[in-house]
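# Descriptive analysis of the structure
Chain by chain, the residues:
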Amino acid sequence: MTMSKLQYRGVSYDNATHEQPSPQPVDHAYRGQHYEAPLRHEAAAVDTEQELQYRGHAYHHRQAEAADQVNKA
């Protein structure tokens, strides 16, 4: 899904004309670790069975519940 009619402070712009990150691998560093990977990549698939941890709390994906809430609105 590509959004093309966006506005920022009353000024319309076309998101399709913005420069996108290249899918070509580049050498970069993050927190002292060197990586050679593309800056643009597809999102990883969601594993709904995996337990996630955030700030000491465990939780599970609730993708179906979130989709229902969005569709009801």
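What counts as what
- Residue numbering note: each chain is counted from 1, following its sequence as written.
- Only residues with pLDDT of 70 or above have their local features reported here, since the model is predicted, and side-chain atom pairs are shown and tallied only from 80 upward, although totals for entire chains, interfaces and linings are computed over all residues.
- Only hydrogens and water are set aside when side-chain values are computed; all heavy atoms of the structure are taken into account.
- Each helix corresponds to a stretch of at least 4 residues labelled H or I by DSSP, and each strand to a stretch of at least 2 residues labelled E; elements are numbered beginning at the N terminus.
- For this measure, only C-alpha atoms enter the radius of gyration; the expected value for a globule follows 2.2 Å times N^0.38, where N is the number of residues.
- Note on exposure labels: buried denotes an accessible area under 20% of the residue type's maximum, exposed denotes more than 50%, and partly exposed covers the range between, all computed with a 1.4 Å probe on protein chains only.
- In this charge count, Lys and Arg are treated as positive and Asp and Glu as negative; neither His nor the chain ends contribute.
- Working definition for charges: the position is that of NZ of Lys, CZ of Arg, CG of Asp or CD of Glu.
- pLDDT: the predictor's confidence for each residue, scored from 0 to 100.

### Describing the overall build of the protein
Scanning the protein from N- to C-terminus turns up one helix and six strands. Its helices and strands taken in sequence order, the protein reads β-β-β-β-β-β-α from the N to the C terminus. Expected size for 73 residues packed as a compact globule is a radius of gyration near 11 Å; at 18 Å, the protein overshoots this value by more than 25%. If you line up the protein on its principal axes, its C-alpha atoms span 45 × 40 × 20 Å. Counting across all 73 residues of the protein, residues that qualify as buried make up 3%. A gap of 12 Å separates the mean positions of the 7 positive and 10 negative side-chain charges of the protein.

### Things to note about unusual backbone geometry
In the Ramachandran plot, arginine 9 falls in the positive-phi region, its phi being about 50 degrees despite a non-glycine side chain. Along the chain, arginine 9 turns up in the loop between β1 (6-8) and β2 (11-13). For arginine 31, which is not glycine, the phi dihedral falls at a positive 50 degrees. Tracing the sequence through the fold places arginine 31 in the loop between β3 (25-30) and β4 (33-38). You can call arginine 31 exposed: its relative accessible area is 76%.

### Focus on the confidence of the model for the protein
Low-pLDDT stretches of the model should not have their predicted coordinates read in fine detail. Mean pLDDT for the protein: 80, with 93% of residues reaching 70 or above. The element-level mean pLDDT for the protein is lowest in helix α1 (residues 63-72), coming to 78, with β4 highest at 87.

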